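# Structural overview
Now for the letters of each chain:
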Amino acid sequence: MPSRRDRPDLADLLPRYRSIVPDWDRFVEVCRRPLPTTVRVNTLRIAPAELQQRLLRQGIIASRVPWEETLIGVDRPVGNTIEHWLGLLYVQEAVQLLPVIALAPQPGNTVLDLCAAPGGKATQIAARMHGAGPLVANEPSGRRQQALLANVNRLSVLNATITAYRGESFPLRARFDRVLVDAPCSAEGTLRKEPSLRGGAPKGTIARLARLQKRLIVRAYDLLRPGGVLVYSTCTFAAEENESVVAHLLDVRDALLTPLSLPFNASPGLAEWGGETYPREVRGCTRVYPHHIDSGGAFLARFERP
């Protein structure tokens, strides 16, 4: 029989965050439900309305998500459809589209995705760029590079170069208009599909990852051109991996933290956590909880280099 640790009760859901999550009862209610299936339209290959009609003709209920034109909610898995294998869509949680929306890459930009595997955000960046402009998708893990390469090829991304540097050691010879750090994290925001995380991630794991994240965000900022934009994101609720990392960058570099404007209500960054008080600007970060858009959880921070 599985132990209690393997199947935490939702009554014990993430107890350390109860004081910071707005509308806790709604948060718990949404976390009880299965995660909806959503797909991102690969606009390099097909228009959103056309893909929706293709899915509907197969008897798949396909509903456009009002706050993002490239996002479609479906009523069943679509990983074995011809549309998937043709690279017309990418199965992606709704909340996972937000970092690239915040990054706002433009055609002709030079863009770096520092932690790119398995490629959901890198291929989304390419679509936002209309395939025009150099995109570097970096992934140090050889095993994860395979998924990245497969998705880049499946979605017909032609402007991407794959590199394999450790993110915190990415060469400083190049400079970029946009850099995305979707950092390795404790992934507490994925608790709707990973029940083992409903009790929270181990504190030792959080501390180890936070040390790496601080190195990643500083290197990412140093890779920006003046006037460039950096987006730091995670899929965890831990302030040690979120606000504390942002505060570290603000302490060691002249980064300008700029508030996000999202098409739905979310929560601001925390003012303090665990006895640590953060700079006033950190309130300009964004926390997205599962009940905000019926998805997973995420943290977002957007910086400009003066």
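Within each chain, residue numbers correspond to sequence positions counted from 1 in written order. Note on the predicted model: pLDDT of at least 70 is required for a residue's local features to be given, and 80 or more for side-chain atom pairs to be given and counted; whole-chain, interface and lining totals, by contrast, use all residues. Side-chain metrics rest on all non-hydrogen atoms present in the structure, leaving aside hydrogens and water.

What follows covers the overall build of the chain. To qualify as a helix, a DSSP run of H or I must reach at least 4 residues; to qualify as a strand, a run of E must reach at least 2; elements of each kind are numbered from the N terminus. Assigned secondary structure in the chain consists of nine helices and 15 strands. Between the two quantities, the radius of gyration covers C-alpha atoms and the globule rule is 2.2 Å times the number of residues to the power 0.38. The C-alpha atoms of the chain give 19 Å as radius of gyration, which agrees with the globular expectation for 306 residues (19 Å, within 12%). C-alpha atoms of the chain, sized along the principal axes, occupy 55 × 55 × 35 Å. Two residues qualify as a contact provided that any one of their heavy atoms is within 4.5 Å of a heavy atom in the partner residue. Within the chain, counting contacts between residues at least 6 apart in sequence, those at least 24 apart form 74% of the total. We count Lys and Arg on the positive side and Asp and Glu on the negative side, and we leave His and both chain ends out. The atoms used to mark charge sites are NZ of Lys, CZ of Arg, CG of Asp and CD of Glu. Mean positive and mean negative side-chain charge positions of the chain (39 and 30 charges, respectively) differ by 4 Å.

In this section: the nonpolar core. Counting 53 residues, the largest nonpolar core has Tyr-17, Phe-27, Val-181, Leu-230, Val-246 and Phe-303 as the members making the most contacts within it. Broken down by secondary-structure element, the contributors of at least two residues to this core are α1 (24-31), β8 (176-182), α7 (203-222), β9 (224-234), α8 (243-252) and β15 (298-304). The dominant element in this core, judged by the number of residues it contributes, is α7, at six residues. Setting aside residues no more than four positions away along its own chain, Val-181 makes contact with Leu-114, Cys-115, Leu-216, Ala-220, Leu-230, Val-231, Tyr-232 and Ser-233. Among the buried residues, those of types Ala, Val, Leu, Ile, Met, Phe, Trp, Tyr and Cys that are joined through side-chain atoms within 4.5 Å form a nonpolar core. In this scheme, a residue with accessible area under 20% of its type's maximum is buried, one over 50% is exposed, and one in between is partly exposed, where area comes from a 1.4 Å probe on protein chains only. One finds Leu-71, Leu-103, Val-111 and Val-231 within the second-largest nonpolar core, a separate group that totals 34 residues.

Another point: the packing of α7 against α8. Where α7 meets α8, the closest approach of the two axes is 9 Å, and the angle between their N-to-C directions is 45°. What the angle tells us is that α7 and α8 run oblique. Here α7 and α8 pass one another in a crossing that is right-handed. Contacts from Ala-210, Gln-213, Lys-214, Ile-217, Val-218 and Tyr-221 in α7 reach Ser-244, Val-245, His-248, Leu-249 and Val-252 in α8. All amino acids are sorted into three groups, where Ala, Val, Leu, Ile, Met, Phe, Trp, Tyr, Cys and Pro are nonpolar, Asp, Glu, Lys and Arg are charged, and the leftover types, Gly among them, are polar. Considered class by class, the residues forming the contact of α7 with α8 number seven nonpolar, three polar and one charged. Every angle, taken between N-to-C directions, lies between 0 and 180 degrees, and every axis is a line fitted to C-alpha atoms, over only the stretch in contact when it is a helix. Oblique is the label for any angle not covered by the other classes, which are roughly parallel (under 35 degrees), roughly antiparallel (over 145) and roughly perpendicular (65 to 115). Helix crossings fall into two classes, left-handed where the near helix is turned counterclockwise from the far one by less than a right angle and right-handed where it is turned clockwise.

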